[in-house]
Amino acid sequence: MGRALGLVGERWTLLILRETFFGVRRYGEFARNLAIPRPTLSARLKTLVDAGLLDRVRYATDPDRHEYRLTQAGRDLFPAIAALMRWGDTYLAGPEGPPIVLRHNDCGHLDEPFLACGHCGGPITADNVSSEPGPGFRNN
C-alpha cells in the first residue's frame, strides 16, 4: 500500500485520474476542470506517464499536440477511485447529494460499487478478512 500511495496518493494525482475515467484527455481540459497550477499539472502528468498509468499520444501535428490515455494499469485503478468516490458521497456530500453518480451501462441502474471476493462473490469488509504475509513479505 505504501508504494501505491507513493505513486497515486497525492491529491492532484487522484483528481487527474478521476478526470481521465470520465473522458478528459487533453492538457487544457485538465487545467480548466481542476483549476490546477500548470507546473503542477505538467509534473503530475509526467509522473503518471513515467509510471505507466497514462500514455501520452500525439493527436495533432504542426504544432504537436498530445492527449493522455489510461493504460491497463491506469484502468485497473478504477475500483479504488470508485470506492473513494462512494466513501466521499456517503460521508462528505452535502444535503443535495453526490456531485457525480455512476450508472452501470449493462443494466442501466445507478451503481453502488462494493468490494467482493473474486472466488465466492461475497462482499469483503474490514470485519470479514484477515491479513497474512504474502510472497513479497520481508521480515526485517
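Details of the structure are given in the entry above.
Criteria and cut-off values
Residues numbered from 1 in each chain as written. Predicted model: local features only at pLDDT ≥ 70, side-chain atom pairs only at ≥ 80, totals over all residues. Heavy atoms only, no water. Core = buried A, V, L, I, M, F, W, Y, C linked by side-chain atoms within 4.5 Å. Buried < 20%, exposed > 50% of the residue type's maximum accessible area, 1.4 Å probe, protein only. Helix = DSSP H or I, 4+ residues; strand = E, 2+ residues; numbered from the N terminus. Contact = heavy atoms within 4.5 Å. Pairing = 2+ DSSP bridges. Axes fitted to C-alpha atoms, helices over the stretch in contact; angles between N-to-C directions. Parallel < 35°, antiparallel > 145°, perpendicular 65-115°, else oblique. Left-handed = near helix turned anticlockwise from the far one by under 90°. Polar contact = N/O pair within 3.5 Å; in protein donor to acceptor, adjacent residues only side chain to side chain. Nonpolar A, V, L, I, M, F, W, Y, C, P; charged D, E, K, R; others polar.

If you look at the biggest cluster of nonpolar residues, it comprises 22 residues, and the most contacted ones within it are Ile16, Phe30, Leu41 and Leu45. Mapped by element, the contributors of at least two residues to this core are helix H2 (11-21), helix H3 (27-34), helix H4 (38-50), strand S2 (65-70) and helix H6 (78-91). Top contributing element to this core by residue count: H2, with five residues. Not counting chain neighbours up to four residues away, the residues in contact with phenylalanine 30 comprise Ile16, Glu19, Thr20, Val24, Arg25, Ala35, Ile36, Leu41, Leu45 and Tyr68.

What follows is about the environment of tyrosine 59. Structurally, tyrosine 59 can be placed in strand S1 (residues 54-60). Accessibility expressed as a relative area gives 34% for tyrosine 59, which makes it partly exposed. Counting along the chain gives 33 residues from tyrosine 59 to arginine 26, while the straight-line C-alpha distance between them is 9.7 Å. Apart from the residues lying within four places of it in its own chain, the contact partners of tyrosine 59 are Arg26, Arg65, His66 and Glu67.

Turning next to the pairing of S2. Across six bridges, the pairing between S1 and S2 is antiparallel. When the sheet's bridge partners are listed, arginine 58 is paired in S2 with histidine 66.

The next point concerns the packing of H3 against H4. Where H3 meets H4, the axes come as close as 11 Å, and the angle between the chain directions of the two elements is 125°. When the axes of H3 and H4 are compared, the pair comes out oblique. H3 and H4 meet at a crossing whose hand is right-handed. Together, Tyr27, Phe30 and Ala31 of H3 and Arg38, Leu41, Ser42 and Leu45 of H4 make up the contact between the two elements.

Within H2, eight of the 11 residues are buried, which leaves the element mostly enclosed by the surrounding structure. Regarding H2, the residues found buried are Trp12, Thr13, Leu15, Ile16, Leu17, Glu19, Thr20 and Phe21. The backbone nitrogen of tryptophan 12 lies 3.0 Å from a side-chain oxygen of the residue at the head of H2, namely glutamate 10. Downstream of H2 by a residue or two, glycine 23 has a phi angle that is positive, lying close to 100°.

This part takes up the packing of H2 against H6. Two elements in contact, H2 and H6, have axes whose closest approach is 11 Å; the angle formed by their N-to-C orientations is 105°. For the element pair H2 / H6, the angle class is roughly perpendicular. Contacts between H2 and H6 involve Leu14, Leu17, Arg18 and Phe21 on the former and, on the latter, Phe78, Ile81 and Leu84. When grouped by side-chain class, the residues that make up the contact of H2 with H6 number six nonpolar, no polar and one charged.

Before going further, it helps to spend a moment on unusual backbone geometry. Here the residue pair aspartate 62 and proline 63 is connected by a cis peptide bond, since its omega of 0° sits within 30 degrees of zero. You can see proline 63 is positioned in the loop between S1 and S2. Positive phi outside glycine occurs at alanine 35, with the angle close to 50°. Mapped onto the secondary structure, alanine 35 falls in the loop between H3 and H4. With a phi close to 60°, aspartate 62 is a non-glycine residue in the positive phi region. As for its position among the elements, aspartate 62 is in the loop between S1 and S2.

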